[in-house]
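The residues making up each chain are set out below.
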Amino acid sequence: MARPKFADADFLDSALAIAAERGPLAVTIGSITERLKAPVGSFYHRFASRDVLLGELWLRTVLDFQQGITAALDAGDGLRAALHTPAWVRSHLDEACLLLLYHRDDFVQGIWPEALRAGVAAQTERMQDGFARFARLVFGRAGRDEVRRAQFLLAEMPVGVVRQHLQRRETPPPIVDELIRITYRAILDDYRARSLRQNRQGQNRQG
């Protein structure tokens, strides 16, 4: 039996390249098949619609990105988890442009198969669980304020510091890691100092 000329990954990779270069709106069935020199029927043999392909592309990218954070948390290394974003960007520039320069809603829309909807829901749950795991690892508990700090250290701050480099399609320089380390340690030191003051105040009231 002859091997198919194109695989699902070929269409996803083509869409990735187009989205990284020109944004999600430039990803059309025509632009994908033209880039691959593939017949339109070959696309529809694999994907029900452009929305389904974009959804699968976004989910594939975010799951790949999250693997490194999960590995760092499994190893009990909060700083490594915070530094994962610039490290991943350096080796996945196109994927990083897609994931970090655009909103999920640019990809996640339309009517999807149940399996794809379930995959996105599971990804969202894993992300929230990751913030709680990070909070417990770094701050010792996963209260509301600790999880909010975790969101900032694990997502908002690293993404913010690499974004301007992605907009220029350049890999983040070493100073990005330095800034993340400084911010990470400053927030941890402040949290520990606050906790110590609160403990002392509680002991004084009891005394």
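You'll find the structure just up there.
A short tour of the structure in this document, coming up. Please read these numbers as outputs of a predicted model, since none were measured by experiment. (Residues numbered from 1 in each chain as written. Predicted model: local features only at pLDDT ≥ 70, side-chain atom pairs only at ≥ 80, totals over all residues. Heavy atoms only, no water.)

## A short note on the packing of helix 5 (residues 78-91) against helix 8 (residues 144-167)
Then, number 1: It is at 8 Å that the axes of helix 5 and helix 8 come closest, and there the two elements cross at 25 degrees. One way to sum up the angle between helix 5 and helix 8 is to call them roughly parallel. The hand of the helix 5/helix 8 crossing is right-handed. Facing Ala81, Ala82, Thr85, Pro86 and Val89 of helix 5, the residues of helix 8 in contact are Leu153, Leu154, Pro158, Val159, Val162 and Leu166.
Then, number 2: The class makeup of the residues in the contact of helix 5 with helix 8 is 10 nonpolar, 1 polar and no charged. (Axes fitted to C-alpha atoms, helices over the stretch in contact; angles between N-to-C directions. Helix = DSSP H or I, 4+ residues; strand = E, 2+ residues; numbered from the N terminus. Parallel < 35°, antiparallel > 145°, perpendicular 65-115°, else oblique. Left-handed = near helix turned anticlockwise from the far one by under 90°. Contact = heavy atoms within 4.5 Å. Nonpolar A, V, L, I, M, F, W, Y, C, P; charged D, E, K, R; others polar.)

## As for the environment of glycine 78
Then, number 1: Tracing the backbone shows glycine 78 in helix 5.
Then, number 2: Under the relative-accessibility criterion, glycine 78 is labelled buried at 6%.
Then, number 3: If we skip the residues at most four places from it in the chain, glycine 78 touches Phe134, Leu137, Val138 and Tyr184. (Buried < 20%, exposed > 50% of the residue type's maximum accessible area, 1.4 Å probe, protein only.)

## Comments concerning the packing of aromatic side chains
Then, number 1: This structure, assessed with the given rule, holds 8 aromatic pairs.
Then, number 2: Ring centres of phenylalanine 43 and tyrosine 44 lie 5.3 Å apart, and the angle between their planes is 85 degrees; on these two criteria the pair is classed as edge-to-face.
Then, number 3: Judged by relative accessible area, phenylalanine 43 falls into the buried class, the value being 0%.
Then, number 4: Pairing phenylalanine 43 with phenylalanine 47 gives two aromatic rings, centres 5.5 Å apart and planes at 40 degrees, and the pair type is tilted. For the pair phenylalanine 43 and phenylalanine 47, a shared accessibility class is recorded, and that class is buried.
Then, number 5: Aromatic ring contacts, followed pair by pair, group Phe6, Phe11, Phe43, Tyr44 and Phe47 into a single cluster. (Phe/Tyr/Trp six-rings, centres within 6.5 Å; stacked < 30°, edge-to-face > 60°.)

Geometric values such as these leave the question of function open.
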